Amino acid sequence: MSRRGLILFGAMSLIWGLPYLLISIAVESLAPPTVVAGRTGIAALLLLPIALRQGSLKVALAHWRWIAAFGAIEMAGPFILLGHAELTLPSGLTGLLVATVPLFGAIVSFALGDRHALTRSRLLGLVLGIVGVALVVGAASGDGEVRLVNVLEVLVVAVCYAVAPFITDRKLGDVPGIGIATLSLGLVSLAYLPIAALAQDGVPTARSLSALGALAVICTAVAFVVFFALIREVGPAQATVITFVNPVVALGLGITVLDESLSLGQLLGLPVVLAGCWLAAGRSREAGPLLVAEGGATAGD
């Protein structure tokens, strides 16, 4: 990997390990729908000039139905579920659970016809991943730190992140990534604005607003631009390795910034989950998804 590639890789590992911390801070005084509307709206406005200059928005508009479906599965559902889950769930644990995307991705790929998606190594990865999640969640639940319903919300997010790539891969392969990102973010923001207006209660704190701004600018708008550059520099296969760095960053930030504790379950389960995801993410004979997004989903190329 070139020096530029290493810099981009390091930046993306941090950028997409950061959202769980920022979401946890944002929902302290912002309703989850407000966080979704603000994050996607600001990011869409920032990406719009790039999309217009490249002419990618015009291309994207011709495929708006599939882009709307992508936005619903990749952003509208996951972002609100993450916001609600992190009202009580530690940010580090959230990041670790989202890292299970490759496990679900292998299952989805097999269900959609890729008979090479569940090889022996990938099946071993699924088993290891399940065992790792059980270790982490079991220890946390036993200590009364988390509710299983919140864990299920995050696992649904992981499923959504595993499904969304197949829309871009099969239906939006000729649409530039910036166009997909800009249009999908804009559509999600418009859908959530009226919900946010009804859901928001009280005046948000400066701390929450700052977290929302960073979430929109750094973890969404800048993230898309940097990751497209990483794809061009090192290729999609190497770029997907950030999936295995993100949860470590999320755990570290949760511990150092929010004083979250590192449980024995997390300490034991983290390497097991990551090993399982590494095996499950092994590329099959067919071309895999093109772009890993926050926590492991894809968003075009």
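Because the structure is predicted, anything quoted here is derived from the model rather than measured.

Asker: Quick question: what am I supposed to make of the packing of aromatic side chains here?
Answerer: Each pair of aromatic rings is reported with the distance of its centres and the angle of its planes. Taken as a whole and assessed by the stated rule, the structure comprises 1 aromatic pair. Positioned above the aromatic ring of Phe79, the side-chain terminus of Arg39 is 4.0 Å from the ring centre.

Asker: Teacher, can you tell me more about the pattern of salt bridges here?
Answerer: Any two side chains of opposite charge can pair, on the condition that their charged atoms come close. Going through the model one piece at a time under the given rule, you end up with 1 salt bridge. Notably, a salt bridge pairs Arg207 with Glu28, separated by 2.8 Å at the nearest N-O pair. With a gap of 179 residues between them, Arg207 in helix α11 (residues 206-234) and Glu28 in the loop between α2 (19-26) and α3 (32-54) connect regions that are remote in the sequence. Look at Glu28 and you get partly exposed, because its relative accessible area is 45%.

Asker: How should helix α14 (residues 264-280) be read in this particular structure?
Answerer: Owing to its 3.6 residues per turn, the α-helix brings residues three or four apart onto one side. Compared with an ideal rise of 1.5 Å per residue, which puts 17 residues at 24 Å, α14 spans 24 Å between its outermost C-alpha atoms and is within 8% of the ideal. Where α14 bends most, at Leu270, the angle is about 30°, and the proline Pro271 comes one to four residues later. Turning to α14, its buried residues number three or more, namely Gly265, Gln266, Gly269, Leu270, Val273, Leu274, Gly276, Cys277 and Ala280.

Asker: What's the story with α2 in this structure? I'm lost.
Answerer: In terms of residue burial, α2 counts as a mostly covered element, since 8 of its 8 residues are buried. Along α2, the residues classified as buried are Pro19, Tyr20, Leu21, Leu22, Ile23, Ser24, Ile25 and Ala26.

Asker: Would you mind going over the packing of helix α6 (residues 91-98) against helix α9 (residues 148-171) with me for this structure?
Answerer: What describes two packed helices is the angle between their axes and the distance between those same axes. Closest axis-to-axis distance for the α6/α9 pair is 9 Å, and the angle between their directions is 40°. Considering the angle they form, α6 stands oblique to α9. By crossing handedness, the relation of α6 to α9 is classed as right-handed. Of the residues in α9, those touching α6 at Thr94, Leu97 and Val98 are Val151, Val154, Leu155, Val157, Ala158 and Tyr161. Of the residues assigned to the contact of α6 with α9, the class counts are 8 nonpolar, 1 polar and no charged.

Cut-off values and rules
- Each residue is numbered by its place in its chain's sequence as written, counting from 1.
- Only residues with pLDDT of at least 70 are given local features in this predicted model, and only at 80 or more are side-chain atom pairs given and counted; all residues enter the totals for whole chains, interfaces and linings.
- Only hydrogens and water are removed before side-chain values are computed, so all heavy atoms of the structure are retained for them.
- Stacked, tilted and edge-to-face pairs are distinguished by plane angle, under 30 degrees for stacked and over 60 for edge-to-face with tilted covering the rest, among Phe, Tyr and Trp rings (Trp via its six-membered ring) whose centres lie within 6.5 Å.
- Any Lys NZ or Arg CZ that is within 6 Å of a ring centre and within 35 degrees of that ring's normal is treated as a charge sitting over the ring.
- We define a salt bridge as a side-chain nitrogen of Lys or Arg found within 4 Å of a carboxyl oxygen belonging to Asp or Glu.
- Each helix corresponds to a stretch of at least 4 residues labelled H or I by DSSP, and each strand to a stretch of at least 2 residues labelled E; elements are numbered beginning at the N terminus.
- Three labels apply to residues, based on accessible area from a 1.4 Å probe with only protein chains included: buried if under 20% of the type maximum, exposed if over 50%, partly exposed otherwise in between.
- Helices are assigned an expected span. That span is 1.5 Å times one less than the residue count.
- A residue's bend is simply the angle between two axes: one fitted to the seven residues ending at it, one to the seven starting at it.
- A fitted line through C-alpha atoms serves as each axis, taken over the contacting stretch for helices, and the angle formed by two N-to-C directions is quoted from 0 to 180°.
- Note on terminology: angles under 35 degrees are roughly parallel, angles over 145 are roughly antiparallel, angles of 65 to 115 are roughly perpendicular, and the others are oblique.
- By definition, turning the near helix anticlockwise from the far helix through less than a right angle yields a left-handed crossing, and turning it clockwise yields a right-handed one.
- Residue contacts are counted whenever heavy atoms from the two residues lie within 4.5 Å of one another.
- Note on residue categories: nonpolar means Ala, Val, Leu, Ile, Met, Phe, Trp, Tyr, Cys or Pro, charged means Asp, Glu, Lys or Arg, and polar means any other residue, Gly included.

Just geometry here; none of it tells us what the structure is for.
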